[in-house]
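# Chains, contacts and geometry: an overview
Chain by chain, the residues run as shown.
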Amino acid sequence: MKNTEIRQHYINFFLNKKHTFVKSCPVAPQNDPSLLFINAGMNQFKDVFLGTGTRDYTRAVNSQICIRVSGKHNDLEDVGHDVSHLTLFEMLGNWSFGDYYKKEAISWAWELLTTKFNLPKSKLYATVYRTDDESKDLWKSLTDINPEHILKYDEKDNFWEMGKTGPCGPSSEIHMDRGPEHCHHKDPNHVCFVNGDCERYLELWNLVFIQYNRDSEGTLNDLPNKHVDTGAGFERLCAILQNVPSVYDTDVFKPIIRKIEEISGITYSSDEPGTPHRVMADHVRTLIFGISDNVYPSNEGRGYVLRRLLRRALRYANNIGIKEPIIHKLVPTVISTMDGFFESIERQQNVMIDIIKSEEISFLKTLDSGLELLEKIFSETPNLKRLSGEVTFKLYDTFGFPLDLTKDFCEEKNCSIDEEGFQKLLNEQKNRSRNAQQFTDAPSASDLSSNTKTSLKTDEEKLKLIQQLVSNKSLHHAPDQLVAKGGEARLLNTIPEKLKMARHHTGTHILHEALRIVLGEHVFQAGSLVDTTRLRFDFSHFKSISKEDLEKIQKIIDEKISENISIEIENMPIKQAKDIGAMALFGEKYGDIVRTVKIGDYSFELCGGTHVINTKDIEAIKILSESAISAGTRRIEAIAGNENIQIHEDNVKKKLKKGISPKLDILKKLSKQLSIDDKVIENLIDLETLEINELQNREKSILSKIKELEKRINKENNSKLNDSIDEFMNEILSLQNNSNLLIKDVEGTDIKGLKAMSDKIMTLKPSLIAVLSSIKNGQVLVRCDKSVINQITAPKIISFITDITGGKGGGRPDMAQAGGLDSSKLPSALDSLRKHLIKTSV
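Let me begin by describing the structure that accompanies this report. Source: prediction; values computed, not measured.

## Structural notes on the pairing of strand E10 (residues 201-214)
- Counting buried positions along E10 yields 11 of 14 residues, so the element is predominantly enclosed.
- Here 10 bridges tie strand E9 (residues 166-177) to E10, and the two strands are oriented antiparallel to one another. Across the sheet, Cys168 pairs through a bridge with Tyr212, a residue of E10.
- Strand direction decides the pairing type here: E10 and strand E11 (residues 220-233), joined by 9 bridges, are antiparallel. Paired with Trp205 across the two strands is Ala232, which belongs to E11.
- Between E10 and E11, which pair antiparallel one after the other, the connecting turn spans 5 residues, and Gly218 there sits at a positive phi close to 90°.

Structure, rendered in structure tokens:
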């Protein structure tokens, strides 16, 4: 029986018992801060058990994706080393909310396992709580299980509690004896038994009977309504029904393992040599479902869990000789094993591949160096029994090794690690970071990025200056509105203002859903601007949209407008809106009653704005531009309505007809020198009425004024950057040869600014090598503490960089600089330098 058939048989069985099918909830809990990830099927019904929520059904069935990587449900260290543990699994479950109870739960479980799945009755065991005689008697009276196979256990195995207080109750577990050949113990005196420590007896299903409420004093009180909460491990059930030794031998995992064999050329083994295959096959599944629910690899919280898993998988891939990115290549295979049951992962396949591949490339830059360090330590000290906290922290801080990755490596060498020492160093680093952040005048990390407030301020001042120089006749705008890119924006008196606003507002909803259809369900609104002449829509996405995808998005928009879909507006309780699928904006706060906007079966969102009655009232939408506004966030600008679009197209034709290309050439040259989009300047200057000689004169005036402006801005920037130097401490890497390394691109300054701040930087840590760059200007400054120049000199570092980027440079052993570098190649050159210095310090 295929895995997809097993899942559907389970669901259909309970649908026939008048249960309602409920979809798997996102693995990232949305309203439960106590959980890192969903770890049981009952999580989404927690409010019902607590008495704070209700459902419009009393019986439910589903297959819930669960992740167990933290707290008491942490299986990570065992994953890969045995053939049963997983970080992600499906939990088949059925629930009763104050409806049926023990009698039905027990009889139906027995019926499904023995008559539908045809498991041998003689091999099945049932455990009950030591005082739960009711369940024991029901097993005897309702089923034909061997009475000797009904066993009593204590709280550890057969009493379920949500927490120290709250709903709780006894449970009854169903186990299967797979035979003595499945016992993995070599000890001849070992005895196999239910709830033992070998693989012979496998738990299949847990039936929890929630009948008590434990109060703060520990007293058990009867609940007014009794509930049933059951969970059966899907992958384990597949292993039993497909008669294979382990979950990794089922058709859930076998295709993934075959793909790993194909890529690596290494045949899978069910014993220890197969650990890398099992780790990769398990971890990629967790990554896929995490990313599909908008959890992305990062250095915090849930994101760090995914990053740890990915890096652990890459380390095991390295063990079988795979040095290139591999995990992203497994994504299509994993999705194919689900056979369409989890729709969200199929629609986000390409996004998952991009994110995972990017993470792989990043970590592989330092993985080899970290492993070389560990191998060197163990070769120099073959009988090492405990790895120091200092080395463990260096692996974490310099090479990006999560703690559990270092643990895995050391366990293979029969060595422990000094976790206490590691934690102490980690806490010290966090404290330094907190202290650095207490200086409120210092710019944050985002202030030093390419989208800095200072840079924005600079561009604003540039534009104001240009505007003043070219006179106000060149500005075409509606009252209190910005100028739309790509065309004139003027007051249209022929159409009511409210309708024009409504067209653009409904347009954002149509655009939003089109983006999700083409790019994936990871797309969510990150901001918007709607007025009578245009719309601007910001959304989450990781790369620029291809021409082909933009055409697909435009086609979907055109189709929805032409379908004449009625817009339905309705007020309803927020819970009801979410339950029936309304999309809420991430981070937005809503009241108890919300307003919903439904565009047929196409789009359903919470929104309080003005909308058209029918999509035909929009007439048309034209996408004008797509661009990045920050890391992970893109922007689309568009216009709606035939008249708006006609005005835009007329403007384009006018410019071509007037033969203003020589003027445009001047603008492009000017915009390049100012690092400003030429379309922005074009919108500020009336090219039709401005003579070319006058434009050339104004160009000189503008450049002169801008030069003065940039001098002042650079002076302000250098002052602010000097104030923020202490924050650079957190980016300094400690190298194996006891030197320290800082490679930092500093936005908003030039070589003079780099020199001015380098003296203070050199006091941050002893034996420091500081490589400071201004990528925008193609400049680099290198400082080397005198204690390290016997190992490396500043001119040698400059030569390493210029060999890649071109340009010229030189200087003293302790300080050198270079200019004229190819800015497009400088980031990769600095990355190669970092990797080189880390590797040569080992």
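## Digging into helix H10 (residues 331-338)
- The buried fraction of H10 amounts to 6 of the 8 residues, a majority that puts the element mostly inside the structure.
- Listed as buried for H10 are Val331, Thr333, Val334, Ile335, Thr337 and Met338.
- Positioned one or two residues after H10, Asp339 has a phi angle of 50°, which is positive.

## Some thoughts on the sheet that holds strand E16 (residues 567-573)
- Taken in spatial order, the 3 strands of this open sheet run E16-E17-E18, and their pairing is antiparallel. In this open sheet, the two edge strands, each paired with only one partner strand, are E16 and strand E18 (603-606). Direction aside, neighbouring strands of the sheet carry axes that sit 25° apart on average.
- With 7 bridges joining them, E16 and strand E17 (residues 593-599) adopt antiparallel strand pairing.

## Re the packing of helix H12 (residues 349-380) against helix H13 (residues 389-399)
- Put simply, H12 and H13 touch, their axes get as near as 10 Å, and they point 165° apart. With respect to H13, the axis of H12 lies roughly antiparallel. Here H12 runs over H13; the crossing is right-handed. Taken together, the residues of H13 that come into contact with H12 (itself represented by Phe363, Thr366, Ser369, Gly370, Leu373, Leu374 and Ile377) are Val391, Lys394, Leu395, Thr398 and Phe399.
- Of the residues that constitute the contact of H12 with H13, the class distribution is 7 nonpolar, 4 polar and 1 charged.

## What to know about the sheet that holds strand E21 (residues 733-734)
- The strand order E21-E22-E23-E24-E26-E25 describes an open sheet built from 6 strands, whose pairing is mixed. The open sheet terminates on both sides in strands that have one partner only, identified here as E21 and strand E25 (808-812).
- Looking at chain direction, strand E23 (residues 768-774) and strand E24 (residues 779-784) are connected through 6 bridges and run antiparallel. Bridge pairing in E24 links Ser773 to Val780.

## Details of the side chain of Asp418
- Tracing the sequence through the fold places Asp418 in the loop between strand E13 (416-417) and helix H15 (419-437).
- A distance of 2.9 Å separates a polar atom in the side chain of Asp418 from the backbone nitrogen of Gly421.
- Asp418 has contacts with Arg386, Leu387, Ser388 and Gly389, leaving out every residue within four places of it along the chain.

## Considering the pairing of E23
- Counted residue by residue, E23 has 7 buried out of 7 residues, so it is predominantly covered.
- A two-sided burial pattern is seen for E23, the buried positions comprising Leu768, Ala770, Leu772 and Ser774 on one face and Ile769, Val771 and Ser773 on the other.
- Note that strand E22 (residues 740-745) and E23 share 6 bridges and pair parallel. When the sheet's bridge partners are listed, Asp745 is paired in E23 with Ser773.
- Taking the residues that link successive antiparallel strands as the turn, the E23-E24 hairpin has 4 residues, and the phi of Gly778 there is positive, at about 65°.

## Examining the pattern of salt bridges
- Throughout the structure, instances matching the rule amount to 34 salt bridges.
- The partner of Asp408 in a salt bridge is Arg312, and the shortest N-O contact between them spans 2.5 Å. Taken together, the residues Asp408 in helix H14 (residues 403-412) and Arg312 in helix H9 (residues 301-319) connect sequence positions 96 residues apart.
- Taking the relative accessible area as the measure of exposure, Asp408 reaches 4% and is therefore buried.
- Between Glu513 and Arg516 there is a salt bridge, and its shortest N-O distance comes to 3.9 Å. Of this pair, Glu513 and Arg516 both sit in helix H17 (residues 497-519), 3 residues apart, roughly one helical turn. As far as the burial class goes, Glu513 and Arg516 line up, both buried.
- Bridged by salt links that share partners, the residues Lys102, Asp132 and Glu134 form one connected network.

## Some words on the packing of helix H7 (residues 254-264) against helix H8 (residues 275-292)
- At a minimum axis separation of 9 Å, H7 and H8 run at an interaxial angle of 120°. The angle between H7 and H8 falls in the class oblique. Relative to H8, the crossing made by H7 is right-handed. Contacts between H7 and H8 involve Ile256, Ile257, Ile260, Glu261 and Ser264 on the former and, on the latter, His277, Met280, Ala281, Val284 and Arg285.
- Looking at the contact of H7 with H8 residue by residue, the classes come out as 6 nonpolar, 2 polar and 2 charged.

## As for unusual backbone geometry
- The phi torsion at Lys18 lies on the positive side, around 65°, for a residue other than glycine.
- On the secondary structure map, Lys18 appears in the loop between helix H1 (3-15) and strand E1 (20-21).
- Even without being a glycine, Asp339 presents a positive backbone phi close to 50°.
- Summarising the element assignment, Asp339 is placed in the loop between H10 and helix H11 (343-347).

## A few points about the packing of aromatic side chains
- Applying the stated criterion to the full structure yields 23 aromatic pairs.
- Grouped by ring-pair contacts, the aromatic residues Phe45, Phe49, Tyr57, Trp95 and Phe97 constitute a single cluster.
- Over the ring of Phe341 we find Arg7; its NZ or CZ atom is 4.5 Å from the centre of that ring.
- Above the face of the Phe524 ring, Arg516 is positioned so that its terminal group lies 4.8 Å from the ring centre.

## A look at the side chain of Asn740
- Among the structural elements, Asn740 can be located in strand E22.
- A relative accessible area of 8% means that Asn740 is categorised as buried.
- Within polar-contact distance, the side chain of Asn740 engages the side chain of Ser734 at 3.3 Å.
- Of note is the side chain of Asn740, whose polar atom sits 2.8 Å from the backbone oxygen of Pro766.
- Apart from the residues within four sequence positions on either side, Asn740 is in contact with Ile732, Leu733, Ser734, Lys765, Pro766, Ser767, Leu768 and Ile769.

## Let's talk about the environment of Thr114
- Turning to its location among the elements, Thr114 is positioned in helix H3 (residues 102-116).
- Considering only alpha carbons, one finds Thr114 and Leu124, 10 residues apart in sequence, at a separation of 9.4 Å.
- When residues no more than four places from it in sequence are discounted, the contact partners of Thr114 are Leu119, Lys121 and Leu124.
- For Thr114, the side chain forms a polar contact with the main-chain oxygen of Trp110, separated by 2.6 Å.

## Quick word on helix H6 (residues 234-241)
- Burial of H6 is extensive: 7 of the 8 residues sit out of reach of the surface.
- Within the sequence span of H6, burial applies to Phe234, Glu235, Leu237, Cys238, Ala239, Ile240 and Leu241.
- Downstream of H6 by one or two residues, Asn243 has phi in the positive range, about 55°.

## Some thoughts on the state of the cysteines
- The tally for this structure, following the rule as stated, stands at 0 disulfides.
- Unpaired in terms of disulfides, Cys66 finds its nearest cysteine sulfur in Cys25, a separation of 8.1 Å.
- Judged by relative accessible area, which is 0%, Cys66 ranks as buried.

## Let's talk about the nonpolar core
- Counting 154 residues, the largest nonpolar core has Trp139, Trp205, Ile327, Leu387, Val771 and Ile801 as its most contacted members.
- The element contributing the most residues to this core is H12, with 13 residues.
- Contacts of Ile801, omitting those with residues within four sequence positions, involve Val771, Val780, Leu821, Leu826, Ala829, Leu830 and Leu833.
- Ala502, Ile553, Ile565 and Ile636 belong to the second largest nonpolar core, which has 28 residues in total.

What counts and how
- Residues numbered from 1 in each chain as written.
- Predicted model: local features only at pLDDT ≥ 70, side-chain atom pairs only at ≥ 80, totals over all residues.
- Heavy atoms only, no water.
- Buried < 20%, exposed > 50% of the residue type's maximum accessible area, 1.4 Å probe, protein only.
- Helix = DSSP H or I, 4+ residues; strand = E, 2+ residues; numbered from the N terminus.
- Pairing = 2+ DSSP bridges.
- Axes fitted to C-alpha atoms, helices over the stretch in contact; angles between N-to-C directions.
- Parallel < 35°, antiparallel > 145°, perpendicular 65-115°, else oblique.
- Left-handed = near helix turned anticlockwise from the far one by under 90°.
- Contact = heavy atoms within 4.5 Å.
- Nonpolar A, V, L, I, M, F, W, Y, C, P; charged D, E, K, R; others polar.
- Polar contact = N/O pair within 3.5 Å; in protein donor to acceptor, adjacent residues only side chain to side chain.
- Salt bridge = Lys/Arg side-chain N within 4 Å of Asp/Glu carboxyl O.
- Phe/Tyr/Trp six-rings, centres within 6.5 Å; stacked < 30°, edge-to-face > 60°.
- Lys NZ or Arg CZ within 6 Å of the ring centre and 35° of its normal.
- Disulfide = S-S within 2.5 Å.
- Core = buried A, V, L, I, M, F, W, Y, C linked by side-chain atoms within 4.5 Å.

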